[in-house]
Amino acid sequence: MVKWTRDALILGNFSLRYYGVLIALGVLLGVLLAIRREKRLGLKKDTTIDLALVCVPCALVGARLYYVAFSWDAYKDNLWKIFSVREGGMAIYGAVLAGILATWVFSRVRKIPFLSLADLAAPSLALGQAIGRWGNFINQEAYGYAVNNPALEWFPLCVYIEADGMWHLATFFYESVWCFGIVVFLLCMERRGHLKRRGDVFLWYLLLYGAERAVVEGLRTDSLMLGSVRVSQVLAAALALGALVALILRSRRRDA
């Protein structure tokens, strides 16, 4: 028996969650994009595959652990629930941080400059984020404040949430579009020779994504909190500021 639901394709006793499909699609397209770029970055063939085999599992684990760590009250009484990711519960910054750590270890083992690998991964990461955010749409999560003005209750400005029967800011969509824009920007700038120095692509990714997330996170109603602080918003702002300072210092050294 085949049954289509809002969030899954059910085949008898087996269900295929669209959330997982979108994450897998984002990973696949990100890997294919990196494969096309590795030669341009002076990396050996199959570097992308080897890096992905290390980073993707680490990123998925990191995304889950980050979410659980800042949502501990929902898991402390049922630890087995930590392993249930069918309905969401992944934090992109956990994936980013775990991926960066795994990439650094990989670079040390393979004796490849870390920043070359970071440049390789940055556009692919943004592409994966752009696609993966639609998993939030499927699961009806990562949305913003409620909107009560009927004139504004339309997609993609807002999204209808079945749980409370209200329209909310479609923050997942804002981020998806921005991440697609990051991919286009990085690839165009790279092709035109404006991002020549090792690490430029990665730093621009951190700057652009961090700036967007620092703003959009403030519109969400489900932010991971540490007391009264939105954890991902503070982290995003810090990464964006750090990347901006690094790019300015690099520019000054080049001009000197």
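Residues numbered from 1 in each chain as written. Predicted model: local features only at pLDDT ≥ 70, side-chain atom pairs only at ≥ 80, totals over all residues. Heavy atoms only, no water.

Colleague: So what exactly am I meant to see when it comes to unusual backbone geometry here?
Modeller: Glycine aside, residues mostly have negative phi angles, and peptide bonds mostly take the trans form. Residue Pro156 is bonded to the preceding Phe155 through a cis peptide linkage, with omega at 20°. Relative to the helices and strands, Pro156 resides in the loop between strand S4 (146–147) and strand S5 (158–161). At Lys111, a position not held by glycine, the phi torsion is positive, near 60°. Inspection of the secondary structure puts Lys111 in the loop between helix H3 (92–110) and helix H4 (114–139). The class for Lys111 is exposed, based on a relative accessible area of 72%. Although it is not a glycine, Ala142 adopts a positive phi angle of roughly 60°. Within the secondary structure, Ala142 is located in the loop between H4 and S4. (Helix = DSSP H or I, 4+ residues; strand = E, 2+ residues; numbered from the N terminus. Buried < 20%, exposed > 50% of the residue type's maximum accessible area, 1.4 Å probe, protein only.)

Colleague: Would you take a moment to explain the environment of Cys58 for this structure?
Modeller: Following the sequence through the fold, Cys58 ends up in helix H2 (residues 47–69). The class of Cys58 is partly exposed, set by a relative accessible area of 34%. Residues Cys58 and Phe202, 144 residues apart in the sequence, show an inter-C-alpha distance of 19 Å. Excluding anything up to four places from it in sequence, Cys58 contacts Ala98 and Ala102. (Contact = heavy atoms within 4.5 Å.)

Colleague: How should the packing of aromatic side chains be read in this particular structure?
Modeller: Two measures describe an aromatic ring pair: the distance that separates the ring centres and the angle between the ring planes. Applying the stated criterion to the full structure yields 15 aromatic pairs. On the numbers, 6.4 Å between centres and 80° between planes, the contact of Tyr67 with Tyr75 is edge-to-face. For the ring pair Phe114 and Phe202, a centre distance of 6.3 Å and an interplane angle of 85° mean the geometry is edge-to-face. With Phe114 in helix H4 and Phe202 in helix H6 (residues 200–216), this pair connects stretches of sequence that are 88 residues apart. (Phe/Tyr/Trp six-rings, centres within 6.5 Å; stacked < 30°, edge-to-face > 60°.)

Colleague: Hey, could you run me through empty space enclosed by the protein in this one?
Modeller: As enumerated under the stated definition, the model contains 1 cavity of 30 Å³ or more in all. Taken as a whole, the largest cavity encloses approximately 40 Å³ of empty space. Elements with a contribution of two residues or more to the lining of the largest cavity: H3 and H6. When grouped by side-chain class, the residues that make up the lining of the largest cavity number 6 nonpolar, 1 polar and no charged. (1 Å grid on protein atoms, 1.4 Å probe; cavity = no way out; pocket = protein on both sides within 12 Å on 5 of 7 lines; lining within 4 Å. Points joined across faces, edges and corners; volume = space filled by probe spheres on them. Nonpolar A, V, L, I, M, F, W, Y, C, P; charged D, E, K, R; others polar.)

Colleague: How should I be thinking about the pattern of salt bridges in this particular structure?
Modeller: Two side chains carrying opposite charge are able to pair once their charged atoms lie near each other. Per the counting criterion, the structure on display carries 10 salt bridges. The salt bridge partner of Arg213 is Glu175, with a shortest N-O separation of 3.9 Å. Placement of the pair is Arg213 in helix H6 and Glu175 in helix H5 (residues 171–191), with a sequence separation of 38 residues. In terms of burial, Arg213 and Glu175 fall into one category: buried. One salt bridge connects Arg220 with Glu217, and the closest N-O pair in it is separated by 3.6 Å. The pair formed by Arg220 and Glu217 is uniform in burial state, with each residue classed as buried. Salt bridges here are not isolated pairs; linked through shared partners, they connect Arg133, Glu175, Arg213, Glu217, Arg220 and Asp222. (Salt bridge = Lys/Arg side-chain N within 4 Å of Asp/Glu carboxyl O.)

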